[in-house]
Amino acid sequence: MSAVRVRFAPSPTGKFHVGLARTALFNFLFARHEGGEFLLRIEDTDAGRSRIEFENEIMDVLTWLGIQWDETPLRQSDRLEIYKKEAFDLVETGKAYRCFCRHDISEKARKAIQEQGGQLGCSGACPGLDPSEISHRVSRGDPFVLRLLTPPGVTTFRDMVFGEITVDNSEMGDFVLLRSDGTPVYHLAVVIDDESMGVTHVIRGVDHLKNTAKHIQLYAALGGNAPVYAHLPMILGPDKQKLSKRHSLVPEGDRRRVLHLVEEYRDAGYLSDALVNFLALLGWSPGSGEELLSRNELVKEFMIERASKKDAIFDPEKLTWMNGYYIRSLSPERFSECCLPFLERADLISLANSAEVEYARCVLPLIQERAKTLADAAELTEYFFLKAPVMEEKAVRKHLTRPGAADKLRRLKSVWESLPAFTLEATEESLRGMAEEMGLSPGKLIHPTRVAMTGRMKGPGLFELAAALGRERVLERLEWATAIAQ
RNA sequence: GUCCCCAUCGUCCAGCGGUUAGGACUCCGGCUUUUCAAGCCGGUGACACGGGUUCGACUCCCGUUGGGGAUGCCA
């Protein structure tokens, strides 16, 4: 038996989006589940569009996602001569031929021809060209491409998720292998690389399902053994369109907004554990019905045969819920640590100021179970850091500008002023005692006090709040609020 | 145009000839709580349509409709 080897082969021509992440993840999970290798290959044959910064981002993102690759990544631009040689070898063995037909037509023109069912390939004359005619044209410098001489018949293969697929060879035609500038086309490079990397299973998007027939024909021509294929359905936006930049551009707050880049999720305060868990469930599920799965559990449970055939719509709300779950399961220390950069970004603290950082660390755990993203932490803790909290108009109206409110705050201030120790227990005991004396339910005191301390009606428990803020801030805020009250 | 593929609640999944069609997210109630969040309990909500096959179809077959993909000297 041969060990499983899979690869993730992105082209560094753009930012890393969630579709890529899903493909990488499924390859990774499959490899680890089978005890095999997960390889990385950079498909940069398109020199014009490939950029080193995208290549770096690929590795950064994979690392962030916890997807570790084995072996040194292969870069296709290092292998151009190999593809060229293999292609010309195919001409030697009569499996491919030089085509002198010109088809450098515009995008629009090509679409139009396709609409009408017209053929774009070779005119048909090139395969039968006389050898002397060929050498004459070559020496004259006529440009040509190399095309595979596709045999008649059909190509059938078994896909691990889609089952048996049959394609008539006439559908693929004599497709191009080598461009007139001598560079390989995607199909050629993929097949040669998968073969030389010893790839046993190819897991990729459905957009390649039909291309697979081409690849199998190429394997046959090249004399290699085709790997096993598994194609994954697409990931779509809420509008059922392929996930793309447009989705990230939808206004914030809109239910249809879906970020499409992995980087955007990281910056928005999503945990990679959550994104990985969520992505794993897009087009796959374990038999158990269990939905919250760690990376290790995913590896343990993953079976590509259970992958869905149906395109999946990316639901940002479920991701956000899941992110909240992962945030809650962080230790308070770890949670605080993760939030610090977000607080700095919101200008609430400076990471260089150790007193501020320490204060932040004691305050952040109070809002941990309320945060859905790390970025939420800034909004949820803002009043701790501001000299004076922003007073919400509605909160003031409901709890402060009420008869008796000022009196309550004043009395509470004097009670808390004389407390020997300003602890959670002491503040709670004294406030409740005061409520009883006044013949009020504790809530009647708690609500205006919360508004006084935070400017808001919602938030952590009042006494945790008081202890975290400290006596000085609390008394100051009670005084300010008393002035607003009456 | 041609070819390939897909089709269960709004969304993500379960189901693989006999189920009151199950779970999760969202939404709506209730409980709990000083508020919010979390948690717990409950509710709304789906087999695209039409033919077959079968004692019996969400499950199998065919067609229709809808959606996606391929058809490049992009990947």
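Residues numbered from 1 in each chain as written. Chains lettered and ligands numbered in written order. Predicted model: local features only at pLDDT ≥ 70, side-chain atom pairs only at ≥ 80, totals over all residues. Heavy atoms only, no water.

Caption draft 1: Structural detail: the protein's contact with RNA strand B. The immediate surroundings of RNA strand B are formed by 59 residues, with Arg179, Gly283, Lys310, Glu369 and Arg370 found nearest. Within 4 Å of the protein, atoms of RNA strand B come from sugar and phosphate in 62% of cases. Within the side chain of Arg370, a nitrogen or oxygen atom sits 2.5 Å from a base oxygen of RNA strand B. The set of elements that each furnish at least two residues to the surface near RNA strand B consists of helix H4 (107–115), strand S5 (145–148), strand S7 (163–168), helix H7 (186–196), strand S12 (312–313), helix H13 (316–328), helix H20 (442–454) and helix H21 (462–469). Grouping the constituent residues of the surface near RNA strand B by class yields 18 nonpolar, 15 polar and 26 charged. (Near = heavy atom within 4 Å. Polar contact = N/O pair within 3.5 Å; in protein donor to acceptor, adjacent residues only side chain to side chain. Helix = DSSP H or I, 4+ residues; strand = E, 2+ residues; numbered from the N terminus. Nonpolar A, V, L, I, M, F, W, Y, C, P; charged D, E, K, R; others polar.)

Caption draft 2: Examining the side chain of Asn169 more closely. Residue position: Asn169 is located in helix H6 (residues 169–172). Here the side chain of Asn169 touches Pro151 through a polar contact of 2.9 Å, landing on its backbone oxygen. Of the polar contacts made by the side chain of Asn169, one reaches the side chain of Thr155; its length is 2.6 Å. Those residues in contact with Asn169, other than ones at most four positions away along the chain, are Thr150, Pro151, Pro152, Gly153, Val154, Thr155 and Gln217. (Contact = heavy atoms within 4.5 Å.)

Caption draft 3: Here's a closer look at the pattern of salt bridges. Summed over the entire model, instances satisfying the criterion amount to 29 salt bridges. One salt bridge in this structure joins Arg456 and Glu379, with 3.5 Å as the shortest N-O distance. Here Glu379 lies in helix H16 (residues 376–385) and Arg456 lies in the loop between H20 and H21, a separation of 77 residues in the sequence. Across the pair Arg456 and Glu382 runs a salt bridge whose closest N-O atoms are separated by 3.5 Å. Highlighted residues: Arg456 in the loop between H20 and H21 and Glu382 in helix H16, separated in sequence by 74 residues. Given the relative accessible area of 11%, Arg456 is considered buried. (Salt bridge = Lys/Arg side-chain N within 4 Å of Asp/Glu carboxyl O. Buried < 20%, exposed > 50% of the residue type's maximum accessible area, 1.4 Å probe, protein only.)

Caption draft 4: Structural view of the pairing of S7. Pairing of strand S6 (residues 154–159) with S7, which is carried by six bridges, proceeds in the antiparallel orientation. Residue pairing in the sheet places Arg158 in a bridge with Glu164 of S7. Where S6 folds back on S7, the antiparallel hairpin that results is connected by three residues. (Pairing = 2+ DSSP bridges.)

Caption draft 5: Quick peek at the sheet that holds strand S8 (residues 176–178). Pairing in this open sheet of three strands is antiparallel, and the strands run S4-S5-S8 from one edge to the other. Both outer strands of the open sheet, strand S4 (96–99) and S8, are each paired with one neighbouring strand and no more. Ignoring which end each strand starts from, the neighbouring axes of this sheet average 45° apart. In this structure, S5 lies alongside S8, joined through two bridges in antiparallel fashion. Its bridge partner being in S8, Arg147 is matched across the sheet by Val176. (Axes fitted to C-alpha atoms, helices over the stretch in contact; angles between N-to-C directions.)

Caption draft 6: Focus on a positive patch on the surface. Where like charges cluster on the molecular surface, the positive patch consists of Lys394, Lys398, Arg402 and Lys458. Along the chain, Arg402 falls in the loop between helix H17 (393–399) and helix H18 (405–417). (Patch = residues over 30% accessible without salt bridge, like charges linked within 9 Å, V, L, I, M, F, W, Y side chains within 5 Å. Areas by Shrake-Rupley, 256 points an atom, 1.4 Å probe, with all protein chains shown as cover. Lys, Arg positive; Asp, Glu negative; His and termini not counted. Charge placed at Lys NZ, Arg CZ, Asp CG, Glu CD.)

Caption draft 7: Representation of helix H14 (residues 332–345) in the model. Counted at 1.5 Å a residue, the expected span for H14 with its 14 residues is 20 Å, and the 20 Å between its end C-alpha atoms agrees. In the structure, H14 departs most strongly from a straight axis at Cys339, where the bend amounts to approximately 35° and where the proline Pro341 lies between one and four residues downstream. Among all positions in H14, only Phe335, Ser336, Cys338, Cys339, Leu340, Phe342 and Leu343 are buried. Here the buried face of H14 lies against helix H10 (262–267), H13, helix H15 (354–363) and H16. Just downstream of H14, Asp347 is the residue with a positive phi angle, here 65°. (Expected span 1.5 Å × (residues − 1). Bend = angle between axes of the 7 residues up to and from the residue.)

Caption draft 8: A look at the packing of aromatic side chains. The full count for this structure, using the stated rule, is 15 aromatic pairs. Taking 5.2 Å as the distance between ring centres and 80° as the angle between the ring planes, the aromatic pair formed by Tyr265 and Tyr270 counts as edge-to-face. In terms of burial, Tyr265 and Tyr270 fall into one category: buried. Between Tyr265 and Phe314, the aromatic rings sit 5.9 Å apart at their centres with planes inclined by 40°, giving tilted as the arrangement. Placement of the pair is Tyr265 in helix H10 and Phe314 in the loop between S12 and H13, with a sequence separation of 49 residues. Ring pairs connect the aromatic residues Tyr265, Tyr270, Phe278 and Phe314, which therefore count as one cluster. The lysine or arginine in question, Lys214, covers the ring of Phe175, its NZ or CZ lying 5.3 Å from the ring centre. Geometry around Trp64 places Arg266 over its ring, the cationic atom sitting 5.7 Å from the centre. (Phe/Tyr/Trp six-rings, centres within 6.5 Å; stacked < 30°, edge-to-face > 60°. Lys NZ or Arg CZ within 6 Å of the ring centre and 35° of its normal.)

Caption draft 9: Expanded view of the nonpolar core. The biggest cluster of nonpolar side chains holds 109 residues, and the ones touching the most others in it are Phe314, Phe384 and Trp416. Ranked by the residues each element gives to this core, the list is headed by helix H1 (residues 18–34), at nine residues. Those residues in contact with Trp416 that sit more than four places away from it in its chain are Phe422, Thr427, Ser430, Leu431, Thr449, Met453, Phe463, Ala466, Arg471, Val474, Leu475 and Leu478. Counting 33 residues, the second-largest nonpolar core is a separate cluster that includes Ala96, Leu148, Ile165 and Leu177. (Core = buried A, V, L, I, M, F, W, Y, C linked by side-chain atoms within 4.5 Å.)

Purely spatial values, then, with no claim about function.
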